[in-house]
Amino acid sequence: MKNNSRRDFIKKGTVLTLGASLLGAQTFSAMAQDKKGAFTLPLLPYDYNALEPHIDEATMRIHHTKHHQAYINNLNAAVAKHEGLEKRTLEDLFRNIESLPDDVKTAIRNNGGGHWNHSFFWKILTPEKNTKPSEALQKAIAKDFSSFDIMKEEFSKAAGKVFGSGWAWIIVTKDKSLKMVATANQDNPLMTHSAEMGTPILGIDVWEHAYYLKHQNMRANYIKDFWSIVNWSFVNEAYSKAIK
Ligand code: MN3
């Protein structure tokens with residue numbers, strides 16, 4: 001990208017964000033829908049600059065207000081095409097992608113995935129420095145990945161290896177164990193065609209739009225930064241819900 005066009009890109013990204021930034025620390029319901037059933041953009045649970053220096057303000061702003069918003073707009077347009085689709089939860093749609101009408105199947109997979117994944121991802125991150133894995137999660141990590149450090153190393157490797165755009169996840173499988181899985185594009189482990197299905201408790205977005213402005217081509221540096229801003233309180237909560 002040339003310098004000029006990048007500057008334009010960043011400038012455009014700053015326009016829509018004042019409202020959300022003022023409301024910064026509010027919590028949100030991940031899959032908020034308005035009165036008509038349309039999906040809406042959840043507020044970030046922190047300010048756009050709160051994750052600096054690990055993820056920069058411009059990236060967070062564009063990622064949230066442009067990329068995430070676009071998935072939501074496209075998802076709303078797709079579910080509006082067929083009676084009844086807009087009343088279904090994303091998780092339900094993910095379990096039944098193959099039986100969706102052909103003209104919206106791909107759009108719902110990509111944009112529904114985009115909406116779910118980003119809503120989840122914002123909660124995975126935090127500026128708080130003092131969160132850590134619960135005892136229960138630490139035990140599970142030791143059982144399924146040998147140790148926390150090995151888990152970290154393997155997850156970083158899995159995230160680094162995703163070819164092109166996609167995500168790396170830690171999921172809780174049917175038998176309640178932890179597993180790592182990578183998915184392409186905006187797929188996730190809740191979708192029936194995922195190589196490994198399960199409930200995500202941790203995930204990282206490795207699309208270039210998640211890190212390119214700050215880390216350029218150095219995805220490994222972005223992954224390293226990611227570990228400094230993981231919200232273990234949220235991961236703990238997701239884990240305890242998933243093993244119930
Ligand atoms: Mn993204």
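So, a few notes on the structure that sits alongside this text. Please read these numbers as outputs of a predicted model, since none were measured by experiment. (Residues numbered from 1 in each chain as written. Predicted model: local features only at pLDDT ≥ 70, side-chain atom pairs only at ≥ 80, totals over all residues. Heavy atoms only, no water.)

## Overview of the coordination of the manganese ion
Part 1 of the reasoning: Taken together, the protein donors to the manganese ion comprise His63 (NE2), His118 (NE2), Asp205 (OD) and His209 (NE2), at separations of 2.0 to 2.1 Å.
Part 2 of the reasoning: Between the donor residues of the manganese ion, the gaps in sequence give the motif H-x54-H-x86-D-x3-H. Placement of the pair is His118 in helix α5 (residues 102–124) and Asp205 in strand β3 (residues 199–205), with a sequence separation of 87 residues. (Donors = N, O, S within 2.8 Å, 3.2 Å for Na, K, Ca; no water. Helix = DSSP H or I, 4+ residues; strand = E, 2+ residues; numbered from the N terminus.)

## Let's talk about the environment of Arg219
Part 1 of the reasoning: For Arg219, the location among the structural elements is in helix α9 (residues 219–227).
Part 2 of the reasoning: Between the C-alpha atoms of Arg219 and Glu208, which are eleven residues apart in sequence, the distance is 8.1 Å.
Part 3 of the reasoning: Every residue in contact with Arg219, bar those within four places of it in the chain, is listed here: Ala159, Gly160, Lys161, Val162, Gly164, Val206 and Tyr211.
Part 4 of the reasoning: At 2.9 Å, the side chain of Arg219 and the backbone oxygen of Ala159 are in polar contact. (Contact = heavy atoms within 4.5 Å. Polar contact = N/O pair within 3.5 Å; in protein donor to acceptor, adjacent residues only side chain to side chain.)

## What about α5?
Part 1 of the reasoning: When the terminal C-alpha atoms of α5 are compared, their 33 Å separation across 23 residues agrees well with the 33 Å that a helix rising 1.5 Å per residue should span.
Part 2 of the reasoning: Ile108 marks the point of greatest bend in α5, at about 35 degrees. (Expected span 1.5 Å × (residues − 1). Bend = angle between axes of the 7 residues up to and from the residue.)

## Topic: the nonpolar core
Part 1 of the reasoning: Core analysis: the largest hydrophobic core is formed by 63 residues, its most contacted members being Leu178, Ile201, Ile204 and Phe226.
Part 2 of the reasoning: Broken down by element, the residue count for this core peaks at seven residues, all from α5.
Part 3 of the reasoning: Looking at which domains feed residues into this core, each of domain 1 (6–124) and domain 2 (135–242) supplies at least three.
Part 4 of the reasoning: Those residues within four positions of Ile201 in sequence are excluded, and the remaining contacts are Phe120, Ile124, Leu137, Ile170, Ile171, Val172, Leu178, Val235, Ala238, Tyr239 and Ala242. (Core = buried A, V, L, I, M, F, W, Y, C linked by side-chain atoms within 4.5 Å. Buried < 20%, exposed > 50% of the residue type's maximum accessible area, 1.4 Å probe, protein only. Domains from an automatic or database assignment.)

## Some thoughts on empty space enclosed by the protein
Gaps left between atoms are located by rolling a probe of water-molecule size over the structure's atoms.
Part 1 of the reasoning: Evaluated as defined, the whole model comprises one cavity of 30 Å³ or more.
Part 2 of the reasoning: The calculated volume of the largest cavity comes to roughly 30 Å³.
Part 3 of the reasoning: Lining the largest cavity are Leu137, Ile141, Ile170, Leu178, Ile201, Leu202, Trp232 and Val235.
Part 4 of the reasoning: Those elements giving two or more residues to the lining of the largest cavity turn out to be α6 (135–145), β3 and α10 (232–242).
Part 5 of the reasoning: The residue makeup of the lining of the largest cavity, split by class, is eight nonpolar, no polar and no charged. (1 Å grid on protein atoms, 1.4 Å probe; cavity = no way out; pocket = protein on both sides within 12 Å on 5 of 7 lines; lining within 4 Å. Points joined across faces, edges and corners; volume = space filled by probe spheres on them. Nonpolar A, V, L, I, M, F, W, Y, C, P; charged D, E, K, R; others polar.)

## Notes on the pattern of salt bridges
Part 1 of the reasoning: All told, the structure shown has eight salt bridges when counted by the stated rule.
Part 2 of the reasoning: Put simply, Lys105 and Glu98 hold a salt bridge, and the shortest N to O gap is 3.7 Å.
Part 3 of the reasoning: Each of Glu98, Asp102 and Lys105 takes part in one network of salt bridges that share partners. (Salt bridge = Lys/Arg side-chain N within 4 Å of Asp/Glu carboxyl O.)

## Here we look at the packing of aromatic side chains
Part 1 of the reasoning: By the definition in use, this model includes twelve aromatic pairs.
Part 2 of the reasoning: Pairwise contacts between aromatic rings join Trp116, Phe120, Phe121, Trp122, Trp167, Trp169 and Phe234 into one cluster. (Phe/Tyr/Trp six-rings, centres within 6.5 Å; stacked < 30°, edge-to-face > 60°.)

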